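Breakdown of the fold
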Amino acid sequence: MSYAREPFFPAPRRLHEPVHRDGSRLRREINWDGVPDARSDPNLLPANFFNVNSPRGAVFATPGTGFLLSANAGQATPILFGFANEFQTFSPQRLFTALNSNVTDVSFFVPGTSTAATTTAFGLIFVDVEVPDLTKIEFFDAGNALIYSHSALVAGNQGLSFLGAMVDGSGSISRVRITSGLNTIVSNGVPCNLIDDVVVMDDFLYAEPAAAAIPEPSSLALLGLGLAAGVAWLRRRDGGRLAGAVA
Ligand SMILES: [Ca+2]
Ligand SMILES: [Ca+2]
């Protein structure tokens, strides 16, 4: 078996990307960790970074004001978006969030091109899901019909929750809408409010995008994989809220 390797996956926890015998890929993964400082907090991440700079066929959109990756240690900007008591990484050191919105849409393209594509599976790691039914993923087909929706499981403060699903049969996913909590991050250390649940994201995993076929609205059975990673429950070191802390 051989494994493909591409830039921007230097993290120790990087999972291999399996390939077919002909070299085509089975899936893609984005852990954010190899993105340069110039494209991380306090600088915005371009929405098409992972189809242009690192072509993996994923382009993001949000009703908010852009996307942010958390800073690495040693930079002038505080790590973990400035909320060290709220978040941790699944893959160090960068996390992902939309700014001024809790919604991120992921559309798929044949990697490195403008050719619309679909995928057959998508999952991600949420960080700090503390309130049920606010954090979810929704899948839409090429006709923009909602074909799947599932909420992430609560993992508590700084907890990690994996949520993913795959289509069955001939179904395909044209767009994924991710809703991360109810609160939003305005900028490093600045939440929209001090009440609502704030949630950010780490690794995205999805099946290799393939050129979109003619929409087939029937028989889109789905197999849900609502898995809670529940990887780590870390106690608040301060035993309570620090000023500026968020839910
Ligand atoms: Ca990461
Ligand atoms: Ca939270």
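With respect to the overall build of the chain
- The helix and strand tally for the chain stands at 0 helices and 18 strands.
- Look at the contacts in the chain between residues 6 or more apart in sequence, and 74% of them connect residues 24 or more apart.

Considerations on unusual backbone geometry
- At the junction of Asp 41 and Pro 42, the peptide bond is cis and its omega measures out at 15 degrees in the coordinates.
- Even without a glycine there, the phi angle at Trp 32 is positive, about 75 degrees.
- If you trace the backbone, Trp 32 turns up in the loop between strand 3 (27-30) and strand 4 (58-61).
- Since 25 C-beta atoms lie within 10 Å of it, Trp 32 is described here as buried.
- Unusually for a residue other than glycine, Leu 80 sits at a positive phi of about 55 degrees.
- The residue Leu 80 is located in the loop between strand 5 (66-69) and strand 6 (96-99) in this model.

Observations regarding the confidence of the model for the chain
- In this model, the chain carries an average pLDDT of 84, and 76% of its residues clear a pLDDT of 70 or more.
- Taken together, the stretch residues 218-245 has pLDDT below 50 and engages in 55 contacts with residues farther than four places along the chain or on a different chain.

Quick notes on the environment of Thr 179
- With respect to the element layout, Thr 179 can be found in strand 13 (residues 175-179).
- Under the C-beta neighbour-count criterion, Thr 179 is labelled partly exposed, with 18 such atoms within 10 Å.
- Once you skip the residues sitting within four places of it in the chain, Thr 179 turns out to touch Asn 102, Val 103, Thr 135 and Lys 136.

Here's the deal with the environment of Asp 203
- With respect to the element layout, Asp 203 can be found in strand 16 (residues 200-207).
- Look at Asp 203 and you get buried, because 23 C-beta atoms sit within 10 Å.
- Each C-alpha atom, one on Asp 203 and one on Phe 90, is 7.3 Å from the other, the two residues being 113 residues apart in sequence.
- With sequence-adjacent residues up to four places away left out, Asp 203 is seen in contact with Glu 29, Ile 30, Asn 31, Phe 90, Ser 91, Leu 124 and Ile 125.

Focus: the nonpolar core
- By size, the foremost hydrophobic cluster in this structure holds 52 residues, and its most contacted members are Phe 81, Leu 95, Ile 125, Phe 126, Val 127, Val 200 and Met 201.
- Setting aside chain neighbours within four positions, we find Val 127 in contact with Phe 87, Gln 88, Leu 95, Leu 160, Val 199, Val 200, Met 201 and Asp 202.

Focus: the environment of Asp 141
- Mapped onto the secondary structure, Asp 141 falls in the loop between strand 10 (136-140) and strand 11 (146-151).
- A tally of 21 C-beta atoms within 10 Å means that Asp 141 is categorised as buried.

What counts and how
Residues numbered from 1 in each chain as written. Chains lettered and ligands numbered in written order. Predicted model: local features only at pLDDT ≥ 70, side-chain atom pairs only at ≥ 80, totals over all residues. Helix = DSSP H or I, 4+ residues; strand = E, 2+ residues; numbered from the N terminus. Contact = placed C-beta atoms within 7 Å. Buried ≥ 20, exposed ≤ 12 C-beta atoms within 10 Å, placed from the backbone. pLDDT = per-residue confidence, 0-100. Core = buried A, V, L, I, M, F, W, Y, C linked by C-beta atoms within 7 Å.

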